[in-house]
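The primary structure of each chain is shown beneath.
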Amino acid sequence: MTPDAPDHDAPAGAAREIVQRGLFYDELQVGARYLHRPGRTATEADNVLFSSITMNTQALHLDAAFSETQPFGQRLMNSMWTLATMVGASVSQITQGTLVAQLGLTDVSFPAPLFHGDTLYTETEVLDKRLSASRPGQGIVTLRHTGRNQRGEVVALATRTALMWCAPETPEETR
């Protein structure tokens, strides 16, 4: 038995074990919108660490004195941190254990800046889905991630295509 498989031999009345997972292809509905909570407050440490480990030496992320002389007057959160955090916020609710592979990201934009101290809230809308023609038991899902700050301003957008598992052929009560 795999760690995620139901225990059909469990004694009657035994506590049911439930493994946290995302949604299978079959459970996703086009037009559904998922609000991922809690949000994530961006910190200076996040920005410095992420910029450093990704070898991004952009002064707009790391140099407070320089950034004060620029149009936004302060350091900007690294936009790749914003993108990664936005996608990551969706994992537990949508793709945890049900994703086969991420196929691509398109239409990525950052319409407003995110700063240290801002809180990023993410929502995901299912735009489209279709069964895979070449991979039985899998489907392709198109998701639109939107990141907003605590004032509701859109700070990031991305369209993501994911290859997802279809639900296993098991009775509903064992999922």
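For the structure itself, consult the block above.
Residues numbered from 1 in each chain as written. Predicted model: local features only at pLDDT ≥ 70, side-chain atom pairs only at ≥ 80, totals over all residues. Heavy atoms only, no water.

Caption draft 1: Focus on the sheet that holds strand 3 (residues 119-131). Pairing is antiparallel across the open sheet formed by five strands, whose spatial order is 1-3-4-5-2. In this open sheet, the two strands that pair with only one neighbour each are strand 1 (33-41) and strand 2 (99-109). For this sheet the average axis-to-axis angle between neighbouring strands, irrespective of direction, equals 25°. Inspection of the sheet shows strand 4 (residues 138-148) paired to strand 5 (residues 154-165) by eleven bridges, in the antiparallel sense. Of the residues in strand 5, the one forming a bridge with T146 is L157. The sheet strands contacting helix 4 (residues 79-95) are strand 1, strand 2, strand 3, strand 4 and strand 5, and the helix crosses strand 5 at an angle near 45°. (Pairing = 2+ DSSP bridges. Helix = DSSP H or I, 4+ residues; strand = E, 2+ residues; numbered from the N terminus. Axes fitted to C-alpha atoms, helices over the stretch in contact; angles between N-to-C directions. Contact = heavy atoms within 4.5 Å.)

Caption draft 2: Just the pattern of salt bridges, in detail. Evaluated as defined, the whole model comprises seven salt bridges. Note that R75 and E44 form a salt bridge whose closest N and O atoms lie 2.7 Å from each other. Residue R75 is found in the loop between helix 3 (64-68) and helix 4, and its partner E44 is found in helix 1 (residues 44-53); the two are separated by 31 residues along the sequence. Residue class for R75 comes out buried when judged on its relative accessible area of 16%. (Salt bridge = Lys/Arg side-chain N within 4 Å of Asp/Glu carboxyl O. Buried < 20%, exposed > 50% of the residue type's maximum accessible area, 1.4 Å probe, protein only.)

Caption draft 3: How the structure looks around the packing of aromatic side chains. Per the stated rule, a full pass over the model turns up one aromatic pair. Aromatic pair F72 and F115: ring centres 6.3 Å apart, planes at 65°, arrangement edge-to-face. In this pair, F72 sits in the loop between helix 3 and helix 4 while F115 sits in the loop between strand 2 and strand 3, placing the two residues 43 residues apart along the sequence. (Phe/Tyr/Trp six-rings, centres within 6.5 Å; stacked < 30°, edge-to-face > 60°.)

Caption draft 4: Local environment of the side chain of T159. Structurally, T159 is set in strand 5. Only 2.7 Å separates the side chain of T159 from the side chain of R144, close enough to count as a polar contact. If near-sequence neighbours (up to four positions away) are discounted, T159 is found in contact with G104, L105, T106, D107, L127, T142, L143 and R144. (Polar contact = N/O pair within 3.5 Å; in protein donor to acceptor, adjacent residues only side chain to side chain.)

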